[in-house]
Amino acid sequence: MYNMDQDQDQYDGDGEIAYMHQEDDWDRDMLLDPAWEKQQRKTFTAWCNSHLRKAGTQIDNIEEDFRDGLKLMLLLEVISGERLAKPERGKMRVHKISNVNKALNFITGKGVKLVSIGAEEIVDGNAKMTLGMIWTIILRFAIQDISVEETSAKEGLLLWCQRKTAPYKNVNIQNFHISWKDGLGFCALIHRHRPELIDYAKLRKDDPMTNLNTAFDVAEKYLDIPKMLDAEDIVGTARPDEKAIMTYVSSFYHAFSGAQKAETAANRICKVLAVNQENEQLMEDYEKLASDLLEWIRRTIPWLENRLPENTMAAMQQKLEDFRDYRRLHKPPKVQEKCQLEINFNTLQTKLRLSNRPAFMPSEGKMVSDINNAWGGLEGAEKGYEEWLLNEIRRLERLDHLAEKFRQKATIHEAWTEGKEAMLQKHDYETASLSEIKALLKKHEAFESDLAAHQDRVEQIAAIAQELNELDYYDSPSVNARCQNICDQWDALGALTHKRSEALQRTEKLLETIDQLYLEFAKRAAPFNNWMEGAMEDLQDTFIVHTIEEIQGLSTAHEQFKATLPEADKERQAILGIHNEIAKIVQTYHVNMAGTNPYTTINPQEVNAKWDKVRQLVPQRDQALIEEHARQQNNERLRRQFANQANVIGPWIQTKMEEIGRISMEMNGTLEDQLTHLRQYEKNIVNYKPKIDQLEGDHQLIQEALIFDNKHTNYTMEHIRVGWEQLLTTIARTINEIENQVLTRDAKGISQEQLNEYRASFNHFDRKRSGFMDAEDFKTCLISIGYNLGENEFSRIMSIVDPNRMGIVTFQGFIDFMSRETADTDTADQVVASFKVLAGDKVNTV
């Protein structure tokens, strides 16, 4: 049992049954609704028996009674009216398979495609496959040949049912399942053909059981259609089996086919009359259509054969557009007319032949062959015209492309040449410097390269013009004129370029020569100018000398300078000669010098002026050197005079200072003796003052002469003054110290021996032999005699011995401190003993 929705696809384009995917559909149907299998068993069995009874037999069980293939072959012979191959009468399985295969081969031979149905399944009693096979046979022999208004098979049967039941209320046949469930469809079919058998007006849509049983009983009793369905099965199923319904309904179709044929014959007579009238109309239409078409072809061919070329692409494009309109708008209707003419002619001939009438003979020249010949001429002209149009358009495209290319290249070239002649005719090189000339040459070389590069464009322009002439371009005269102007201008540019190149090179050589002379002038004038400026500076330099040797050196150098003046004059004349050579070249070759020497700002006038200045300054320098030499001789005399005195006074002061120091340190004799001795020294020193005053006078003369050094002595007047003042201060201070010692001795009762010991100790700790102790020396002295000093104690003692905070301790301060600290005799003796131990033999010696 396969899917009923597949019925519409059971026939292919050749009218053959396309029994595809049958096995899957049957499996699916069996699983969905087992009631359908029951309906199909009953319907297919009844249908088979309706034919087998003609051979005097029947079947009871559809899957069992066809297993040996004998009744299957008999069924096919009855429904086809043909004899099958002789069946096998054996009872073996192989015999059964052979018989079934013969039946299946016969079915296949009728154009039925069996898929997945084999003899073995039928022999094995496969209900699914057996029902599928019977359904295939029903389709082929009971349904396939049904044809209604150009529809066939299932569609034809459905349309037949719809046409027959259309007038009946409550009947709407749309399918072969639920549309028949209420039974009115079956009753309507019977009533339509045999209205006397059923009182249709009494039937009710809500009583399907009555309707179905009425139809089945009447069909079986009066129409010889066996009862293939049960009313209970149809009403009790949501969707009756489509194949069962189709099988049963096909029996009605075949039962009523005789009446339908009678109706068809009546219709045929009417159609013959209509066909005759239609044929007459077709003949008239053909004649008119053929005449119109031939006339259109006659008018169109001369237009297509016109080959007069146009000069412009726009005109040819218009022709092409007209041709496209012809192909797109005018010809297609004519093609349709021609096609329709041929169709009408063939249809007419066919209708005439079918109605046994003579063939139609059109008027002379209007045969289909005549029209085809005329049409062939049209297409030949059309093809030639199209080829000509395309060739002409390609030619004009080529010409337009070349002309546009010519215009573009000519425009570019003319734009490039604009102003070039004026540029080449400039005389800017006449006032240019060498660097500017070189720049102009570089620029001109670049222009020459550019000019050479444009040579190709000029040649291309000429070649394009030549090609336009060869291709008959309509505007060739203007192209030729423009090309000639370009070529003439190109020749003129070449000549001007060569002329300017020569002028630039000639000017460059002259300016290079002048530039070399300028450079040589600059190279020689610069050092010579520096020499003259240096000479003028030296000759005008205010010299300052301090010795006779220095002035003698300057005089010697000046004499050497004067010896170089002749050579310098020769160099000056050579430099001026370079300038004169430049002037000669400028005058000879009419060179327009734009400026001065680029390598120097020095000019011949400046050289001559400075040379004259040097010559003027030389004698002035001679006189100044002579005067300075005399002055330095006088200064030398003053130096020697001062040195002779200073070299005596200086050592004398140093000697006296040393003697006074020894007197104060050695302490020979009593204090009174030392005091007497020192006062005699003071008197002698004071008596030496006139010599100091005389040296001051000589020093004043030296200062007035601005003499600042004296190689004849190491003593300066400042040294002498400081020494003299120190000498006077030392002698006075020493006398004062002795006097204070006398006062201290007398006041404190210090013996001469103690004073000597104090002096010896003081001298011992006066390591620098300066006549006083610094703070560290004094602190060491105190520690050595037993003082346990802290910072505060030492500060207190220093405030006593150094009340002026000078950081030193004089012998007088030392005596005052020691006399204060050793007031009693025992303590004094202890201190003295400590000094003795500390000083050792040195104290005794002192």
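In what follows, the structure referred to is the one given above.
Each chain has its residues counted from 1, running along the sequence as written. For this predicted model, a pLDDT threshold of at least 70 governs which residues receive local features, and a threshold of 80 or more governs which side-chain atom pairs are given and counted, while totals over whole chains, interfaces and linings are taken from all residues. Hydrogens and waters are ignored; side-chain quantities use all the structure's heavy atoms.

Student: Would you mind going over unusual backbone geometry with me for this structure?
Tutor: Glycine aside, residues mostly have negative phi, and peptide bonds are mostly found in the trans state. Unusually for a residue other than glycine, Asn-170 sits at a positive phi of about 70 degrees. Take Asn-170: it is sitting in the loop between helix H8 (153-165) and helix H9 (184-193). Residue Asn-170 is classed as partly exposed on the basis of its relative accessible area, which comes to 44%. The backbone of Asp-224 sits at a positive phi, close to 60 degrees, despite the residue not being glycine. Every helix listed is a DSSP run of H or I at least four residues long, and every strand listed is a run of E at least two residues long, numbered separately from the N terminus. The buried label goes to any residue with under 20% of its type's maximum accessible area, the exposed label to any with over 50%, and the partly exposed label to all in between, with areas taken from a 1.4 Å probe on protein chains only.

Student: Sorry if this is basic, but what is going on with the pattern of salt bridges here?
Tutor: Oppositely charged side chains may form a pair once their charged atoms are brought near each other. The salt bridge criterion pairs a side-chain nitrogen of Lys or Arg with a carboxyl oxygen of Asp or Glu, the two atoms within 4 Å. The full count for this structure, using the stated rule, is 52 salt bridges. One salt bridge connects Lys-610 with Glu-533, and the closest N-O pair in it is separated by 2.5 Å. Here Glu-533 lies in helix H18 (residues 476-540) and Lys-610 lies in helix H21 (residues 604-666), a separation of 77 residues in the sequence. A relative accessible area of 34% places Glu-533 in the partly exposed class. One salt-bridge network, held together by shared partners, links Arg-327, Lys-331, Glu-379 and Glu-382.

Student: Whenever I open this one, the packing of aromatic side chains confuses me. Can you help?
Tutor: For any pair of aromatic rings, the description rests on two quantities: the centre-to-centre distance and the angle between the ring planes. Two aromatic rings, drawn from Phe, Tyr or Trp (for Trp, its six-membered ring), form a pair once their centres lie within 6.5 Å of each other, and the interplanar angle then sorts them: stacked below 30 degrees, edge-to-face above 60, tilted otherwise. Overall, the coordinates contain 27 aromatic pairs when judged by the stated rule. Pairing Tyr-286 with Phe-360 gives two aromatic rings, centres 5.6 Å apart and planes at 85 degrees, and the pair type is edge-to-face. With Tyr-286 in helix H13 (residues 257-305) and Phe-360 in the loop between helix H14 (313-354) and helix H15 (368-417), this residue pair connects regions lying 74 residues apart in the sequence. You'll find Tyr-286 and Phe-360 in the same group, each marked buried. Here a set of aromatic residues connected by ring pairs shows up, and it is made of Phe-176, Trp-180, Phe-186, Phe-216, Tyr-248, Phe-252 and Phe-256. Charge-over-ring placement is defined geometrically: NZ (Lys) or CZ (Arg) within 6 Å of the ring centre, and within 35 degrees of the ring normal. Between the NZ or CZ atom of Lys-420 and the centre of the ring of Trp-416, over which it lies, the distance is 4.9 Å.

Student: Is there a simple way to think about the nonpolar core in this case?
Tutor: Membership of the largest hydrophobic core comes to 78 residues, with the highest contact counts inside it found for Ile-134, Ile-137, Phe-186 and Phe-252. Considering each element in turn, this core owes the most residues, eleven residues, to helix H7 (residues 127-143). In this structure Phe-186 touches Trp-180, Leu-212, Ala-215, Phe-216, Leu-229, Ile-245, Tyr-248, Val-249 and Phe-252, once residues within four positions along its chain are discounted. As used in this record, nonpolar core signifies buried Ala, Val, Leu, Ile, Met, Phe, Trp, Tyr and Cys residues forming a set joined through side-chain atoms within 4.5 Å. By size, the runner-up hydrophobic cluster in this structure holds 48 residues, among which are Leu-671, Ile-738, Phe-778 and Phe-811. Contacts are residue-level and defined by heavy atoms, with any inter-residue pair within 4.5 Å sufficient.

Everything listed here is a matter of coordinates, which is why it stays silent on function.
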